Structures are given as C-alpha cells and as structure tokens.
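Here's the letter readout for the chains.
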Amino acid sequence: MRLLRNRAKGPAGPDGLLRPPAAAVILSLIALLAPIPAGFSSAESRTVLIKGGALVDGTGNPPIPHVWVLVEGDRIKKIGKAGSFPRPRGSEVVHARGETILPGLIDAHVHLRTSGVVSFTFARRQSQAEEVFRRSLRAELLGGVTQVRDMHMPLEIGRKLTKQLQEEPTLGARLIYAGPMLTAPGGYGAPQAIEIASPVEGRERVEELALGGAEVIKIAVTSRTVNQSAIPCMKPEVVRSIVEAAHERGLPVAAHVAAATAVDLKIAVTAGVDSLEHMPGSWDPLGVPDTLYSTSGLVPEILARHITIVPTLSAEVGETYGPMISDLSDDPSLRLRLTPFQRHVLALNLEDFAHNSKRQAMAAAGRRRMQISLEEIGRLHEAGVSLAAGSDAGSGFTFHGNLHTEIELLNQGGLSPLEAIRSATQESARLLGVLEDQGTVEVGKRADLLIVRGDPLKQLRLLRAVDRVVIAGRVVDVQRLVNQVEKEVGR
Ligand SMILES: [Zn+2]
C-alpha cells in the first residue's frame, strides 16, 4: 500500500491513461509481493526431468540438440541424449521441446536497494527497507538471473537475505554482496561509502567486511564523479593494502573505475585488483570519452594479471537514453518485474522524454558514447581480455532481471552470441568464485537453469523469452505467472 500512497503524491499523469485501475493494481501487487502463488514444483518432488530442449551449457561449446537433463535435489544428476536413460519414477517432467536450456544467468554487478526506475520528476528513492531488496532479488530470478553480486549494501541486510534465501531458495536469485564500498576521504560515494585514510585502516576495514559476510571487496578508484567533478582518488598504497588483506582472505577486489583517468586505472591495475567495473573516461557533450582501457597502455598488464572487466554497458544506456529503450515492451515477464507504480513512472518518463529537448540531446550524446564503447569492447575481446556481464541494475533505468540488455550489447560489441552468453554464465561465475558449483550446465553442479522459448543463438533477444527458471532444483514457471497476472489485470 505504501507504493500506492507514494504514487498518489507524484505528479499526475493524464488520468485513466497511464494509471491501471485500482483493482488491477492491487491484484498485481499481490502477485508481485506475495510468495509466488503457482508454478513451483513442491519441495517434496525433488526429481525433475527436463525433456527435449537444446542445451547451451555456458562453456561456449556449440549447442547439443534434444537433451534430457535430470535434476535430483538441488543438483544436476544426468545429462544425456533424449531417451538415453529411463525416466525416474515419480519425477516431475518439464517439457522443453523447441526451447533452449541454459545455465541460470549470473549478474556480476547489481544494486538491490534501488529498482532502477528514476526520473526527472521523481527523486531517486533510496530505501533500506528489506522489502525492496527482496523484490529486486525476486525480479532477478523472474528474468532468468539465478545469481547476483550486489556492490553496495548494508552488511546486516546481506546477512538477513542470505539466511532467508537458504531457508527458501525460490525467494530470489542467490546473493553475494560486497557490503559498503570503500573510498578515499571525500572520494566517490562518500559519505555513504566508508572513507579510508591509511593502509592500516584499509586492512582493518577489509577484516570487518569479511567477518560481516562480504564475499567481495568493492573499492572506488577514480578521481572523477560521473558528472566529471574532481574528487580525491584512493592512494596507491591504500589500494595495495586493501588488495593484500582481501586476497589473504580469499576475497576478490572489485574496483569502480567509472569516469576514471588513465592514472586512476593504473593505480587499480598495478595493485592487482580482480575486476575493473564500468567504463573509464569522462565524456564531452558530443559523447566522446577522454580515456579508454585500450588507450591507457594497461591492456598487457590487465591480461598478465588476469583482471576481468565488467563494462556495465547497459547502465550507460540506462542513464543516457533509458526512457527510449523499447526492448521492454516485448519482454513477457516485465509485468512481474516492475510494480504498477514503477510502470507508471516509466510511462511518465517516456511521455516527458518525447517533449524534452535537453534529454533528447543527452540521449544523442549517449548513443555516440555507446558506439565508442561498443568498438572498445571489440578491441578488448580481440585482445583476449576476460569480460563478465554486469548490468548495474538498480541504477537509472536499468532494471533487475534484465541482464539480457548487457548480453545483447556485448554481442553488438563483437562477441558471438555464444561468447556473450558465456560472459553472463561461465565468466561471471569465475569472477564471483562460484564456478565450481555454477555457471555451466554440468553433472554435479547446482541445478540453476534457465529455459527460454526458441533459439537465442539465432536471435539473442529470445533470451528474454523466459519460460521457466530452475533454482536449487525447483522449477519456477515464469510464463504461467505472467499469464496469471495478465489475466488478473484484464489484458
Ligand atoms: Zn554499480
């Protein structure tokens, strides 16, 4: 109900045009917030046989047609040609003919505390409410994302959510979290981020974060905000001590380098961080960035140190011309992933964008910038740099459960559909340190799977056609849920 009240406070759209009728709003709110009402296999029926789809296993290998995948408990028990082993008695059967079975997608960079729906007319709402975090996790799962890495959240909420997910795996995507980001005094993200003044302090904070359940340490290594104002960058010796302390505990370090200069990048790379997050360089009004990974002279060292780049291209789309993204209309699970209030805000934005020349100019610059970023992805890929898919979901107009946009952009940058899918499965699993259990469809691994209609290798957009998601061996029938909500809201 909080959502309804907030909506009432916002600027009114043309009445009856943008707002769904109240009853429909309430019904779809129920569908969104209550435990998923239907479409789940029960906890008891713990053997699932997926019959007849093509398997894209996440390793980059070509697809195998007509497979059977047998799931027992939360693990993949057998993979074979159709009919090559008997159907175990009492198993639940999932028919996947004409469909494609993939590993559940893994988003290496999200922010669960926000939905991604922002606008010029509504202030960005930052909420600590656990409800928002849970809803984001749920949205990820419905979009086919079975594992996320949150890059800035309170440790207590991370611990709570982890416990809830252990008790009820179908609550949402699996969660790995960084806890609060570390930054220089007065640096990027301060004062919400933890400001680190010395190497000793850096080491102490890493210990605290590790004890608090963080499975990655996020640091800001940039001397510019995304709006190009100068800010203090973390000192090389501080970054080194953080990386050392994290690696001693087996934790990777992720460096936020959005808008970074070549000098900033060098600090992160030579300290041996594990991943560089976002694209560096600030850009002029025409969209031309002043720094690229490929022009920083650091690519040989990035390769030698096996540093992964998480470009978060979809966040750049979101912030600059998100309201124009039309890919949302043909995404069948969007109704489940955005609340009625969020869809309302989005509609207001589309409306505003159509008449707002300032936003249109920004979008034009954003498109040029994106073109340059896509060419850069091609160069990095060609050079052999590891690229992992992260959406930065939760930032402006970048929604949870929409890693598809990132995969499509990586493909536009020069990765084949198989390689782009691998960035969002095997590569991101490797970066998150969960490859032993996740990221590919192999016997013995966790049964975290995505089943989509059609062949996404022929048409990558079909990754959005999520039919079922399997998490910890439990089947979520996304299409059935979509149909149910569509029926309830009278569409
Ligand atoms: Zn981020």
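Rules used throughout
- Residues numbered from 1 in each chain as written.
- Predicted model: local features only at pLDDT ≥ 70, side-chain atom pairs only at ≥ 80, totals over all residues.
- Heavy atoms only, no water.
- Donors = N, O, S within 2.8 Å, 3.2 Å for Na, K, Ca; no water.
- Helix = DSSP H or I, 4+ residues; strand = E, 2+ residues; numbered from the N terminus.
- Buried < 20%, exposed > 50% of the residue type's maximum accessible area, 1.4 Å probe, protein only.
- Pairing = 2+ DSSP bridges.
- Salt bridge = Lys/Arg side-chain N within 4 Å of Asp/Glu carboxyl O.
- Contact = heavy atoms within 4.5 Å.

A short note on the coordination of the zinc ion
Right, so step 1: In this structure, His109 (NE2), His111 (NE2) and Asp392 (OD) serve as the protein donors to the zinc ion, at separations of 2.0 to 2.3 Å.
Right, so step 2: We note that the donor set of the zinc ion lies within a single chain, spaced as H-x1-H-x280-D. Note that His111 is positioned in the loop between strand E6 (105-110) and helix H3 (130-142) and Asp392 in the loop between helix H12 (357-383) and helix H13 (403-412), a separation of 281 residues in sequence. When sorted by exposure, His111 lands in the same class as Asp392, which is buried.

Description of the pairing of strand E15 (residues 449-453)
Right, so step 1: Of all the 5 residues making up E15, 4 are buried; the element is thus mostly covered by neighbouring parts of the structure.
Right, so step 2: Bridging between strand E5 (residues 99-103) and E15 involves 5 bridges; their strand directions are antiparallel. Looking across to E15, one finds that Leu102 is bridged to Leu450.
Right, so step 3: In the sheet, E15 pairs with strand E16 (residues 466-471) via 4 bridges, with the strands oriented antiparallel. Of the residues in E16, the one forming a bridge with Ile451 is Arg468.

So, the pattern of salt bridges
Side chains that differ in charge, positive against negative, can pair when their charged atoms come close.
Right, so step 1: Throughout the structure, instances matching the rule amount to 27 salt bridges.
Right, so step 2: One salt bridge in this structure joins Arg464 and Glu408, with 2.9 Å as the shortest N-O distance. Placement of Arg464 in the loop between E15 and E16 and of Glu408 in helix H13 is noted, with a sequence separation of 56 residues between them. Accessibility classification places Arg464 together with Glu408 in one group, the buried group.
Right, so step 3: Notably, a salt bridge pairs Glu427 with Arg430, separated by 3.2 Å at the nearest N-O pair. Taken as a pair, Glu427 and Arg430 lie in helix H15 (residues 426-432) at a separation of 3 residues, close to a single helical turn.

Focus on the environment of Thr162
Right, so step 1: Inspection of the secondary structure puts Thr162 in helix H4 (residues 155-167).
Right, so step 2: The class for Thr162 is partly exposed, based on a relative accessible area of 23%.
Right, so step 3: Once residues within four sequence positions are removed from consideration, Thr162 is found in contact with Leu175 and Tyr177.

Purely geometric stuff here, so don't read any function into it on its own.
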